[in-house]
Amino acid sequence: MKRPTLHILLIDDNADDCADLRQMLLQSGRRRFQFSQAALGADGVRMVLAPEHGAVDCVLLDYALPDMNALEVLAALCQGSDLPCCPVVVVTGASVDEGQQLLGAGAQDYIGKRWASTDSLTRAIENAIDRFSLLLERKRIESALVIAKAEADAANLAKTEFLLRMSHELRSPLNVILGFTQLIETGQPPPTPGQQKSVKQILQAGWYLLGLINEILELSAIDSASMVLLSQEVSLGEVLADCNAMIQPLALARGIDLHFPVFSQPCMVQADPVRIKQVLLNLLTNAIKYNRSGGRIDVRCTAEDGALVRVSVEDTGLGLSEAQLAQLFQPFNRLGQEAGTITGTGVGLVISKRLVEMMGGHMGVQSTVGVGSCFWFALEAVALPA
């Protein structure tokens, strides 16, 4: 297949040098060439930007011209971009120490006249054209990615605003429904056994839906960066004691044996006191709900890398498979428990992970099927005064 003719623009004020360059290229026999010529940099720039004889495939640019140097010509061809509008190979008769500067200014290559040969010059032009084409494609892809990211961000913002608006709109009438249902439950005369059953189902469904709406609102607030967290010194001993007191009734109802650490000295972390308690209660609640009856939960606090404290919640439940672990922190993904008897929304863990990250920490999990799971998070430790 015959290769297309290449249009080469020679920007050089030395007619003999131009003749030599043309002769070298014509002798190669590898390509067919068409030549244009400009003795001044300004004329060469005009011929490239407004070609009268067709588009220029490559410019052979002399380093020093009467009106401009190669760097100035490249700047004019780039027009504020980091890439000229066609490939440029700088050709000079002197030793050039600014090779890296020329490449940084947009040239695809540079070559000395005294070292130029038929093969080296032809190869430099072909490589410059190929490299220029790759750079153009990369810029096109980068531009497309920027546009796609902007569109995705706009769609995500619209989704967040929609969820916030809908959640607020749903919460108000739902609170009214729950209020009237509670009045019916405690009203006089008392409801019949059949009515009591219906009222109980309405309340269970209503409280579940209200919890889901609240979690959606919280997740939306995190995604929209509108949630503000405190950062202060928090005693892990006090937080764990509070969580122990709040979670004990649920553990007793399931026959779960809870074990919390005993601190010989204060253990402080940098965190939001309300949000760290929220994270711990979520992990403890999940450890109870997904544990076996009569199981065990161990809470531990250990130093991690010197500057962090890891808090882990280990249970004796069914454990998670590799496939389930891969989907664990996806919103509303309950890992196949949707049809089970355990209530949940699949949002709590996602919120907990993001809250920990907002407090400057990280969260993870280890799990073995049939043995149990260990959920943990690590936060910045606060050094105690000597």
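Anything mentioned here points back to the structure above.
As the structure is a prediction and not an experimental result, all values here were calculated from the model.

About the thresholds
Residues numbered from 1 in each chain as written. Predicted model: local features only at pLDDT ≥ 70, side-chain atom pairs only at ≥ 80, totals over all residues. Heavy atoms only, no water. Pairing = 2+ DSSP bridges. Helix = DSSP H or I, 4+ residues; strand = E, 2+ residues; numbered from the N terminus. Axes fitted to C-alpha atoms, helices over the stretch in contact; angles between N-to-C directions. Expected span 1.5 Å × (residues − 1). Buried < 20%, exposed > 50% of the residue type's maximum accessible area, 1.4 Å probe, protein only. Arc of directions from axis to C-beta. Polar contact = N/O pair within 3.5 Å; in protein donor to acceptor, adjacent residues only side chain to side chain. Right-handed = clockwise from strand over helix to strand, strands pointing away. Core = buried A, V, L, I, M, F, W, Y, C linked by side-chain atoms within 4.5 Å. Contact = heavy atoms within 4.5 Å.

Colleague: Lay out the sheet that holds strand S2 (residues 33-38) with the relevant residues and their values.
Modeller: Pairing in this open sheet of 5 strands is parallel, and the strands run S2-S1-S3-S4-S5 from one edge to the other. Edge positions in the sheet fall to S2 and strand S5 (109-112), since each has one partner strand and no second. Strand-to-strand twist across the sheet, computed as the mean angle between neighbouring axes with direction ignored, equals 20°. Sheet topology places strand S1 (residues 6-11) next to strand S3 (residues 58-62); 4 bridges connect them, and they run parallel. Bridging from a neighbouring strand, isoleucine 8 pairs with cysteine 58 of S3.

Colleague: Hey, could you go over helix H1 (residues 15-28) for me, with residue numbers and the actual values?
Modeller: Look at H1: 21 Å from first C-alpha to last across 14 residues, which is about the 20 Å you get at 1.5 Å a residue. All of the buried residues along H1 are Cys18, Leu21, Met24, Leu25 and Ser28. Each buried residue of H1 lies within a common arc of 125° when the element is viewed along its axis, so the set occupies one face. Away from its buried face, by an angle of more than 90 degrees, H1 presents the exposed residues Ala15, Asp16 and Gln27. Capping the start of H1, asparagine 14 holds a side-chain oxygen 3.0 Å from the backbone nitrogen of aspartate 16, two or three residues further along.

Colleague: Account for the pairing of strand S4 (residues 88-92), with residues named and values stated.
Modeller: S4 sits mainly inside the fold: 5 of its 5 residues count as buried. Side chains of S4 alternate between two faces, with Val88, Val90 and Thr92 and Val89 and Val91 buried alike. With 4 bridges joining them, S3 and S4 adopt parallel strand pairing. Within the sheet, the bridge partner assigned to valine 59 lies in S4 and is valine 88. After leaving S3, the chain enters helix H3 (residues 70-78) and then returns to the sheet as S4, a path that is right-handed. Here 4 bridges tie S4 to S5, and the two strands are oriented parallel to one another. Bridge pairing in S5 links valine 90 to tyrosine 110.

Colleague: Which residues make up the nonpolar core, and what are the values?
Modeller: Within the largest apolar cluster, 43 residues are counted, with the highest numbers of intra-cluster contacts made by Ile276, Ile297 and Phe377. Secondary-structure elements contributing two or more residues to this core are helix H6 (193-223), helix H7 (236-254), strand S8 (268-271), helix H8 (273-289), strand S9 (296-304), strand S10 (308-315), helix H10 (348-358) and strand S12 (372-380). With 7 residues, the top contributor of residues to this core is H8. Beyond its immediate chain neighbours, meaning those up to four positions away, phenylalanine 377 contacts Ile276, Val279, Leu280, Leu283, Val309, Arg310, Val311, Val356, His362 and Met363. In terms of nonpolar packing, the next biggest core, distinct from the first, is built from 21 residues, Val48, Val56, Tyr63 and Val88 among them.

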